[in-house]
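The primary structure of each chain is shown beneath.
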Amino acid sequence: PVAEAWWEEAEPKLAPNSVKNYKPAYNRAVERFGTDDIEEIRPFHIDDFLHDFIDKNSPAEKTVKTQLSVLSLIFKYAVRKGFVDANPCRDLSVPSGLAKGVRRAAAPDHIKTIQASTEIPFGMFAYWILYTGMRRGELLALTWEDVDIEKRVIHVTKSLYHENGKPKIKSTKTEAGERDLPIFDKLLTHITP
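Residues numbered from 1 in each chain as written. Predicted model: local features only at pLDDT ≥ 70, side-chain atom pairs only at ≥ 80, totals over all residues. Heavy atoms only, no water.

Engineer: Explain the overall build of the protein chain here, please?
Structural biologist: Of the regular secondary structure elements, the protein chain holds eight helices and five strands. When the helices and strands of the protein chain are placed in sequence order, the string is α-α-α-α-α-α-α-β-β-β-β-β-α. In terms of overall dimensions, the protein chain is more spread out than a globule: its C-alpha atoms have a radius of gyration of 22 Å, far above the 16 Å expected for 193 residues. For the protein chain, the spread of C-alpha atoms along the principal axes amounts to about 70 × 35 × 30 Å. (Helix = DSSP H or I, 4+ residues; strand = E, 2+ residues; numbered from the N terminus. Rg over C-alpha atoms; globule rule 2.2 N^0.38 Å.)

Engineer: What should I look at first to understand the pattern of salt bridges in this one?
Structural biologist: Side-chain pairs of opposite charge can arise where the charged atoms are in close proximity. Summed over all chains, the structure comprises 10 salt bridges. Here Arg152 makes a salt bridge to Asp185, at a shortest N to O gap of 2.3 Å. A residue pair is termed long-range when its members are at least 10 positions apart, and Arg152 in the loop between strand 1 (147-148) and strand 2 (153-156) and Asp185 in helix 8 (residues 185-191) qualify at 33 residues. Residue classification places Arg152 among the partly exposed residues on the basis of a relative accessible area of 32%. Members of the salt-bridge network, linked through shared partners, are Glu61, Lys65 and Lys100. (Salt bridge = Lys/Arg side-chain N within 4 Å of Asp/Glu carboxyl O. Buried < 20%, exposed > 50% of the residue type's maximum accessible area, 1.4 Å probe, protein only.)

Engineer: Just to check I follow, could you spell out the sheet that holds strand 2 for this structure?
Structural biologist: Strand pairing in a sheet relies on backbone hydrogen bonds. The paired strands run either parallel or antiparallel. The strand order across the open sheet built from three strands is 1-2-5, with neighbouring strands paired in antiparallel fashion. Pairing within the sheet leaves two strands with one partner each, and these edge strands are strand 1 and strand 5 (179-182). In the sheet, strand 1 pairs with strand 2 via two bridges, with the strands oriented antiparallel. Looking at the pairing, Val147 lines up with Ile154 of strand 2. (Pairing = 2+ DSSP bridges.)

Engineer: Please explain the packing of helix 1 (residues 2-10) against helix 4 (residues 61-80) as it appears in this structure.
Structural biologist: Relative orientation and spacing of two packed helices are given, respectively, by the angle between their axes and the distance between those axes. Helix 4 packs onto helix 1 with a crossing angle of 100 degrees between their chain directions and a minimal axis gap of 9 Å. As far as their axial angle goes, helix 4 and helix 1 are roughly perpendicular. Residues Val2, Ala3, Ala5, Trp6 and Glu9 of helix 1 form the contact with helix 4, whose participating residues are Val70, Leu73, Ile74, Tyr77, Ala78 and Arg80. Residue classes in the contact of helix 1 with helix 4 are distributed as nine nonpolar, no polar and two charged. (Axes fitted to C-alpha atoms, helices over the stretch in contact; angles between N-to-C directions. Parallel < 35°, antiparallel > 145°, perpendicular 65-115°, else oblique. Contact = heavy atoms within 4.5 Å. Nonpolar A, V, L, I, M, F, W, Y, C, P; charged D, E, K, R; others polar.)

Engineer: Would you mind going over the side chain of Asp146 with me for this structure?
Structural biologist: The residue Asp146 is located in the loop between helix 7 (136-141) and strand 1 in this model. At a separation of 2.9 Å, a polar atom in the side chain of Asp146 contacts the main-chain amide nitrogen of Thr143. Apart from residues lying up to four places away in sequence, Asp146 is in contact with Ala141, Val153, Ile154, His155, Thr157 and Lys158. (Polar contact = N/O pair within 3.5 Å; in protein donor to acceptor, adjacent residues only side chain to side chain.)

Engineer: Is there a simple way to think about the pairing of strand 4 (residues 166-171) in this case?
Structural biologist: On a regular strand, each side chain points to the face opposite its neighbour's, so the side chains alternate between the two faces of the sheet. Buried residues are scarce in strand 4, accounting for zero of its six residues. Direction of pairing for strand 3 (residues 158-163) relative to strand 4: antiparallel, over a ladder of six bridges. Each residue of the ladder has a partner; that of His162, found in strand 4, is Pro167. A loop of two residues connects strand 3 with strand 4, the two strands running antiparallel in sequence, and Asn164 in this loop sits at a positive phi of about 55 degrees.

Engineer: Sorry, what's going on with the side chain of Ser117 here?
Structural biologist: As for its position among the elements, Ser117 is in the loop between helix 5 (108-115) and helix 6 (123-132). Given a relative accessible area of 16%, Ser117 falls into the buried group. Each residue touching Ser117, except ones within four places of it in the same chain, is listed here: Gly123 and Met124.

Engineer: So what exactly am I meant to see when it comes to the packing of aromatic side chains here?
Structural biologist: Both the distance between ring centres and the angle between the ring planes are used here to describe each pair of aromatic rings. One pass over the structure, following the stated rule, counts seven aromatic pairs. Centre to centre, the rings of Trp128 and Trp144 are 6.2 Å apart; their planes meet at 70 degrees, and the pair counts as edge-to-face. Taken together, the positions of Trp128 in helix 6 and Trp144 in the loop between helix 7 and strand 1 put the pair 16 residues apart, joining distant regions of the chain. Trp128 gets classed as buried once you look at its relative accessible area, which sits at 10%. Here Trp144 falls in the exposed class, since its relative accessible area comes to 54%. For the cation-ring pair, Lys170 lies above Tyr161, with the distance from its terminal atom to the ring centre recorded as 5.7 Å. (Phe/Tyr/Trp six-rings, centres within 6.5 Å; stacked < 30°, edge-to-face > 60°. Lys NZ or Arg CZ within 6 Å of the ring centre and 35° of its normal.)

This is how it looks when you write it as structure tokens:
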């Protein structure tokens, strides 16, 4: 019941992408600890759960971090509400050596394809990503008001996401996400008349 109460409080405040990432971790936590007395859960129980999860699923490091984070948030809620005196996740960390997602630069032949595709439908989308490094959602939310050709700057202030199949605009996740990007010559020649 404590985890469910936390989810009822937390879920409406979470961004849709956070809900999508947290929900499986929440479900795993409830499945594993849902029938346990929360006062009896110790750090070694959580550590055993994480290692068991890793052994059975070989998840990426980010998935395990999310799992531990969700468990910690549940216990922070439990401490705040007086169900427990301490958060057993506080001193735990994600085991080392887990797979990490790596973003790789586009291969030279892919870059040539992108450069040659600006005239086809949606070809400029890849071109913008190649020469700005913007995330897909940021680029989809971009308007001409965000592009200052004269100063050669793109103002990144928002992102597009989908909720129940409908597009929505949100501000960037962090202050660091709100930034100005230079407009390089390669892009400038394709976006000015």
